[in-house]
There are 2 protein chains.
Amino acid sequence: MQRYFTDEIYEQKSTYLLSGETYHHITHVMRMKEDDLFYLVFSNQVTIQARITSITDQKVYVKEVAKERQEKELPLSITIACGYPKGDKFDWIVQKATELGATDFIGFPAKTSIVKWDQKKLAKKQQRLTKIAQEAAEQSQRSFIPEVTLLAKEKEFLTLFSQFDYILVAYEEAAKQDETASLAKLLQEVQPKSRILAIFGPEGGFLPEEVATFKQNQAVLCGLGPRILRAETAPLYLLSAVSYHLELLNK
Amino acid sequence: MQRYFTDEIYEQKSTYLLSGETYHHITHVMRMKEDDLFYLVFSNQVTIQARITSITDQKVYVKEVAKERQEKELPLSITIACGYPKGDKFDWIVQKATELGATDFIGFPAKTSIVKWDQKKLAKKQQRLTKIAQEAAEQSQRSFIPEVTLLAKEKEFLTLFSQFDYILVAYEEAAKQDETASLAKLLQEVQPKSRILAIFGPEGGFLPEEVATFKQNQAVLCGLGPRILRAETAPLYLLSAVSYHLELLNK
């Protein structure tokens, strides 16, 4: 069933009203009619099943049929931070990682990042990635849209570390050295609602000096199995493992 | 370190010889010279570290420096079977799933598959996917190249089921019905070297009649968490979960 996000905070009302882009999508893209159903997700993560009661020139009126019951979100918060990768790889990291439950995204210029984005380009890219996150959140039936923050300096990134309970760095050398304990240990001891920052390098990986700085700031190196994963694959492994451990294995 | 596959079966020799495409890649793409090192993977999954002793017009001669120690392969065999998805999605399922440890791939026309490939097109596509699997296997440091089999009929697919110890179907309705037990149960009880077939639908999913047929043939429905994953994301979740459970958690 189709899923739309609204900026409104949920409160019980006899009618809810949709306009703008959502109106357009409901009436012109999906060609819905009176009595058709969809999910409506409010900004405070309440999701209702909504039935269309009427459609006017500019607005769709719906009423609540039921609340969505199933929990769609991971029991903890995971921020995926990526050193800017090449081309459109960040686009699809955001799309896939949103499907897999990422809470939000941070991009930053790592020392081996090849792309150089100025403020104007960053603003445009951020807009594009936010749109991708929204579409993926709708498609995968999330309860909120992950935020995307693109930083101009790696230093800014380090100042955010104090907001997190755990910080993991996926480091290729950790895989080669057969590091297998960090992730499983974290998932076995983590408390619900903990905030995790998971850091991934660009294609060229992190320099040893970058990894040293992350470690000085409480980050833990984390292997993701013995195979070498590409920059865009590693975040998907991590999120899948978190979901598997907390949503399937230890449910 | 660069990784090359050879069709040869490993036996201890004073010199190994590489020609053809591998020769070209070593000398012209990587521009390696005498004394440079790479991994050489034999068809019986033995991997050696090889040092170049000389390079001629058509051939590279290497000697064995050491055997590769780390196990690169999942402790069981996982065949990823996909109902043909649209566009180039199968390309990147093969690329990513090879990185994540898939043993081999089967493609088949599911009832909602939109693409219709004739024998000629299938042969071409198979060649292309095999090349993608090879490159991904080299990059991710696998011990063999996953095979790709593309079928012209869904019926042929069913005849292969008897080769497997476990058969899972990732079914969107299973996610909606909050099925969380199948995968964790399998990974807790599975014996090393078991052969698992994991089946994924195209964008339109499987029809109930297809799922019924799979179930009659010993397949078990399997949820992959509460979020709805796209056709190309679900296999990556499954492989990551298998790796996490068997290579990190229960190491």
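Summary of the structure given here. (Residues numbered from 1 in each chain as written. Chains lettered and ligands numbered in written order. Predicted model: local features only at pLDDT ≥ 70, side-chain atom pairs only at ≥ 80, totals over all residues. Heavy atoms only, no water.)

With respect to the secondary-structure elements, Leu229(B) resides in the loop between strand 11 (220-222) and helix 8 (234-249). According to the relative accessible area criterion, Leu229(B) is buried, its value standing at 16%. For Leu229(B) and Ile80(B), which are 149 residues apart along the polypeptide, the C-alpha to C-alpha distance reads 16 Å. The contacts of Leu229(B), once residues within four sequence positions are left out, are Glu99(A), Leu100(A), Gln139(A), Leu224(B), Ala234(B) and Tyr237(B). (Helix = DSSP H or I, 4+ residues; strand = E, 2+ residues; numbered from the N terminus. Buried < 20%, exposed > 50% of the residue type's maximum accessible area, 1.4 Å probe, protein only. Contact = heavy atoms within 4.5 Å.)

Within the secondary structure, Leu248(A) sits in helix 8 (residues 234-249). Those residues in contact with Leu248(A), other than ones at most four positions away along the chain, are Ser243(A), Glu179(B), Thr180(B), Leu183(B), Ala184(B), Gly223(B), Leu224(B), Gly225(B) and Tyr237(B).

Residue and element names in this part refer to chain A. Counting buried residues in strand 3 (residues 37-41) gives 4 out of 5 residues, a clear majority hidden from the surface. Sheet topology places strand 1 (residues 3-5) next to strand 3; 3 bridges connect them, and they run parallel. Its bridge partner lying in strand 3, Arg3 is registered against Tyr39. Taken together, the 5 bridges between strand 3 and strand 4 (residues 47-55) define a ladder with antiparallel strand orientation. Paired with Val41 across the strands is Thr47, a residue of strand 4. Adjacent in sequence and paired antiparallel, strand 3 and strand 4 are bridged by 5 residues, among which Gln45 carries a positive phi angle near 70°. (Pairing = 2+ DSSP bridges.)

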